[in-house]
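Each chain, written out:
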Amino acid sequence: MHHTFDPNKTITATIDGLTVSVPEGTTILEAAKKAGIIIPTLCHHPDLGVRAVCRICLVAVKGQRRFKTSCNTVLCDGDVVNTNTPEIREARKTVLELILSNHPQDCLKCERNGNCELQDLAKQYNVLEIPFASTHQALPIEEDNPAIVRDMSKCIKCGRCVESCQVVQEVAAINTSCRSTKYGVTTAFNKPLSASTCVYCGQCIAVCPVGALYEKDDTEKVWTALSNPDMHVVVQTAPAVRVALGEEFGLAPGSIETGKMVAALRRLGFDKIFDTNFTADLTIVEEGNELLDRIENGGKLPVLTSCSPGWINYIEQFYPELIPHVSSCKSPQQMFGALAKTYYAKKSGIPAEKIYVVSLMPCTAKKYECTRPEMRSSGYQDVDTVLTTRELGKMIKLAGINYEKLENEDYDAPFGISTGAAVIFGASGGVMEAALRTAHELVTGESLANLDFIPVRGLEGIKEAEVELAGKKLKIAVASSLSKAKVLMEMIKNGTCCYHFIEIMACPGGCIGGGGQPFGTTSEVLQKRLAAVYEIDKNSELRMSHKNPAINTLYEEFLGKPLSHKAHELLHTSYQQQDRG
Amino acid sequence: MSKIVKLISANCGKIRPDSVEDYLNSGGYAALKKAFTMEPLQIIEEVKKAKLLGRGGAAYPAGSKWEQLYEIEEFPKYIVCNADEGEPGTFKDKLLMEQDPLRVIEGMTIAGYVFNSHDGYIYIRGEYRGLQKIFQAAIDNAKKEGFLGENILNTGFSYNIHIMTGAGAYVCGENSALLNSIEGKAGRPRIKPPHLAEVGLFLMPTLVNNVESFANIPTIVNEGGEKYLSYGTADSGGTKLICLSGHIKNRGVFEVPFGVTLRDIIDDPELGGGMAGGRKLKFFHLGGQSGPCGSPEQLDTVYCCRAMRNAGLSVGSGAVVVLDESVCVIDYLKKVTEFFIHESCGKCVPCREGNKQLYLILDKLSKGEATENDLALMKRLSRVMAKSSFCGLGQAASTALDSCLKHFSSEFEAHLNKQCPAGVCFTKKESGE
Ligand SMILES: Cc1cc2nc3c(=O)[nH]c(=O)nc-3n(C[C@H](O)[C@H](O)[C@H](O)COP(=O)(O)O)c2cc1C
Ligand code: SF4
Ligand code: SF4
Ligand code: SF4
Ligand code: SF4
Ligand code: FES
């Protein structure tokens, strides 16, 4: 007789004198929100399991001797709850002051200055001085990997990152450890992340409420390149950035910012503004041909997509025996880098060593990916520097560009031309949908009447579908987040996998939920970014990758045909087992 | 009324602890045999009538706990005996496990029968590694004689008891942290609800009781709940093992019926026997570090759960630490707080950060550096910790402080003026120590 809640049943209670009716099982926090009452939280995140350790969300429930934490306490029928009594204000403020007593209070020199949940609370609770003695101890900042910086002296031990890494990603690179004053978040044996199983997905960063976790800041490198008159600096923009960048400037999630983003990049001084969508289209053509080749010639099935570097890091460490399943295609960012310093160099007459390639990505793992030894097909590091959406926001602000006043501008040729199929790469299921649009025509020679593959869309962790392709049934699956990838990998391992083609993205919801996206990502926000991605696709003139005229020119002028020798040299790679952790 | 009643400590020191024969000769296992003739609900009824209050510290009515678990229709259910005995000044579970383990085993077996459970776990604190051998021998012998294992006494009921070794942390005595520790996870408390009766060990319905609580079960079954209740007071049935320590003549474990007074406990020649060392009683600390301190004016309080609670005191684990006038309250509280800093699991803010801050203020007091503001801050902090901490550890960490603020406010005031009535603080520098 497990006590389960019946969401169809309504309960009625009183919060701050207001009568609220909510489904059974609703927490006091959610019920209060419905009633227009905002209860402060720190360890709570709407998409993660509850830990109830920060104790800031206290409320008074009549008849209860102690205060209750509203994030985990379910509202009961007839409850009388108060969220704003002198005692509750005192308790919350004391908790806040206790957190601050063991905090550097370093806002002026902090990555999260102006965008920090703790700072916001200090303001909300009118903290003007802290009565407690400081117990804070400085700790060294860990920044020895290309993607993620950990400043544990700012950690408030909320455990959100651990929940992300352990439950959402099931990577378990980090955990809570020790007791008492030493309690905190560490890797196994307190090694640096680079010696752990960390895949650099940045999902820990995405949920951290304070400045304890952030991406390696590479803006200085880009400023330096931009101010070097000898350098031809080009930038590529990933599909998911355009639907999130607006949030950096206070716009609603899901605002479509493509034109303004291009304008801002041009103002920053980039010589050419290109689109990763171009190489996303290219990926579809290469990967689609690879898939058909494997199906026809008895190659390794299912084919696993390879565009998410966090996912690649994961399979290399956790399922090395399945690496042969992975498509040999490089990620679109790396295809772009290789072409920028070969094809584009030739076409523009600028020597490769004078071309500086910047990627604008929603992703922290891409910062690691571009440093991989495999990613030097041009003879140079193909992509020089990766910036996240957040870093671009910082650069625009620093440059004094009034984002609001920017007018839409267009990408540059030749890598600025792309299709709707490419933009949906930004959402989980998009690669699959784009591939199906192209594969259908490759196989049948006919264009699809309806281009929308609804079953592979959406935020659900695992999606599956069956499609007819020239009389053959093709079974496909799509997973986002590594815990969901794990489910499918286990199926392959134990022989219960019936799929031909599997798309995997390391981050929940796909790249729109990447570890480099603006802070405050929740499933609600993801839903809006997702809608924007499909909106762009719907309004695109071209919606199938192989119809991209610039792609066809590229093959004609440079690559020959899909899977050609040249294509293999520049656009394909292979992966190896890694044992870091 | 006699000040000593030996219901559960009768065998201690009298029989070979691992000998089933000795145990049987002194009336052992009669209760289990009787239990097998009773319906589980009848047994629960007797435990309720007995008003057996949990002996692990929280004094939760065992009958209600058993009833709640019984109503849950999910199996398997697990029986867990909390033998972490981590409260400083508490060593009564040790006595039972060392000198009469079969009584604990019999109590756990009856519980197993009531809940149709097949596995019981006893979580023994790491420091008690020495007595695990005896306890294991008692389990093995009980098994050999058919009182444990498959088909006990041909009733068809099978039940085993497994010994688990504690992880050496006080917080592992908190029942949900204890279950995490048995499961091999970090010994930190779980979020409740769900209650352990619903989602306990390995996510299954679970009963957690203290060693002494289980040791009382055979007596209750044998003598009936009403009779058992009559040994104690109207609200607290039976007897309590108390642990006397500190500046008192007779230290050790004593079994007293609920209803004696604190004065009896400290002064009765058969019990504490009065103060040792000729100094006067200053205060006593009850129930371990997490319990309150009492002043000599409270000595006539009746030792039972209700009367104690009404007086702002508590029975708790049964620890009674007696302190004389040589002790400085501030200095004493510093040690208590150090204990909680050390034992905090660290995951929630009020406990992890609060205890550190309490200590810093007490330290300031002991150095004559504190102000009225510090005192006010300490009171606020203590209030908030008690009402806002995640688990019982943080909630109780300031209990002793709180009671001392009540009884010894003048001593706090004195420290504001750099005076230490006990002559403990401010002396070290002057004497050049
Ligand atoms: C921090 C903490 C430590 C505890 N330590 C013990 C312990 O060592 N032994 C014990 O029996 N109960 C301990 N308890 C109480 C248990 O959580 C639980 O209430 C008890 O085991 C229930 O058994 P009872 O009802 O028979 O007393 C502790 C509680 C807390 C909060
Ligand atoms: S983490 Fe937040 S509160 Fe802490 S220093 Fe940074 S901005 Fe300030
Ligand atoms: S980057 Fe990803 S894998 Fe690494 S610690 Fe953060 S959540 Fe875990
Ligand atoms: S690193 Fe950030 S998310 Fe992780 S526990 Fe610390 S404050 Fe919370
Ligand atoms: S009160 Fe909080 S920090 Fe202290 S032991 Fe309990 S859960 Fe851990
Ligand atoms: S938000 Fe509820 S305890 Fe942290």
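This one's a predicted model, so the numbers in the text were calculated from it and none came from an experiment.

Some points on the pattern of salt bridges
- By the definition in use, this model includes 63 salt bridges over all chains.
- One salt bridge in this structure joins Lys 347 of chain A and Glu 557 of chain A, with 3.0 Å as the shortest N-O distance. In this pair, Lys 347 of chain A sits in helix α11 (residues 343–348) while Glu 557 of chain A sits in helix α18 (residues 549–559), placing the two residues 210 residues apart along the sequence.
- Among the residues examined, Lys 347 of chain A registers a relative accessible area of 43% and is labelled partly exposed.
- For Arg 279 of chain B, the salt bridge identified is with Asp 324 of chain B, shortest N-O distance 3.4 Å. In this pair, Arg 279 of chain B is assigned in the loop between α11 (262–267) and β7 (281–286) and Asp 324 of chain B in strand β9 (residues 319–324), connecting sequence segments 45 residues apart.
- Among the ionic contacts, a cluster of salt bridges with common partners joins Glu 433, Arg 437, Asp 452, Arg 457, Asp 537 and Arg 543 of chain A.

Some details on the side chain of Glu 163 of chain A
Residue and element names in this part refer to chain A.
- Take Glu 163: it is sitting in helix α4 (residues 160–168).
- Among the polar contacts made by the side chain of Glu 163, one reaches the side chain of Arg 51 at a distance of 3.4 Å.
- Residues contacting Glu 163, with those up to four places away along its chain left out, are Leu 48, Gly 49, Arg 51 and Val 168.

Some thoughts on the packing of aromatic side chains
Residue and element names in this part refer to chain A.
- With the rule as written, the count across this model stands at 29 aromatic pairs over all chains.
- Between the aromatic rings of Phe 249 and Tyr 403, the centroid separation amounts to 4.1 Å while the plane-to-plane angle is 5°, which identifies the pairing as stacked. With Phe 249 in the loop between β10 (232–237) and α7 (258–268) and Tyr 403 in the loop between α13 (389–398) and α14 (420–423), this residue pair connects regions lying 154 residues apart in the sequence.
- The class for Phe 249 is partly exposed, based on a relative accessible area of 22%.

As for the interface of chain B and chain A
- Taken residue by residue, the interface counts 37 residues in chain B and 36 residues in chain A.
- Carbon and sulfur atoms make up 56% of the surface buried where chain B meets chain A, a total of about 3200 Å² over both sides.
- With a closest N to O distance of 3.0 Å, Glu 97 of chain A and Arg 380 of chain B form a salt bridge.
- Secondary-structure elements contributing two or more residues to the side of chain B that touches chain A are α13 (329–343), α14 (349–366) and α15 (372–388) of chain B.
- Partitioned by chemical class, the residues of the side of chain B that touches chain A number 15 nonpolar, eight polar and 14 charged.

Re the site of ligand 4
- Taken together, 13 residues are adjacent to ligand 4, and Cys 155, Cys 158, Gly 159, Cys 161 and Cys 208 of chain A come closest.
- Considering only residue class, the shell around ligand 4 consists of eleven nonpolar, one polar and one charged.

Here's the deal with the packing of helix α3 (residues 40–50) of chain B against helix α9 (residues 211–223) of chain B
All names here are of chain B.
- With their axes 10 Å apart at the nearest point, α3 and α9 run at an angle of 100° to one another. As judged from the angle between their axes, α3 and α9 are roughly perpendicular. On α9, the residues touching Ile 43, Glu 46, Val 47 and Ala 50 of α3 are Ile 217, Ile 220 and Val 221.
- A class-by-class count of the residues in the contact of α3 with α9 yields six nonpolar, no polar and one charged.

Regarding the site of ligand 2
- In the vicinity of ligand 2, the contacting residues are His 103, Asp 106, Cys 107, Cys 110, Arg 112, Asn 113, Cys 116, Leu 118, Gln 119, Lys 154, Val 210 and Gly 211 of chain A.
- Its residues assigned to classes, the shell around ligand 2 shows five nonpolar, four polar and three charged.

Rules used in this analysis
Residues numbered from 1 in each chain as written. Chains lettered and ligands numbered in written order. Predicted model: local features only at pLDDT ≥ 70, side-chain atom pairs only at ≥ 80, totals over all residues. Heavy atoms only, no water. Salt bridge = Lys/Arg side-chain N within 4 Å of Asp/Glu carboxyl O. Helix = DSSP H or I, 4+ residues; strand = E, 2+ residues; numbered from the N terminus. Buried < 20%, exposed > 50% of the residue type's maximum accessible area, 1.4 Å probe, protein only. Polar contact = N/O pair within 3.5 Å; in protein donor to acceptor, adjacent residues only side chain to side chain. Contact = heavy atoms within 4.5 Å. Phe/Tyr/Trp six-rings, centres within 6.5 Å; stacked < 30°, edge-to-face > 60°. Buried area = accessible area lost by both parts, 1.4 Å probe. Nonpolar A, V, L, I, M, F, W, Y, C, P; charged D, E, K, R; others polar. Near = heavy atom within 4 Å. Axes fitted to C-alpha atoms, helices over the stretch in contact; angles between N-to-C directions. Parallel < 35°, antiparallel > 145°, perpendicular 65-115°, else oblique.

Function-wise, these values are silent; they only describe arrangement.
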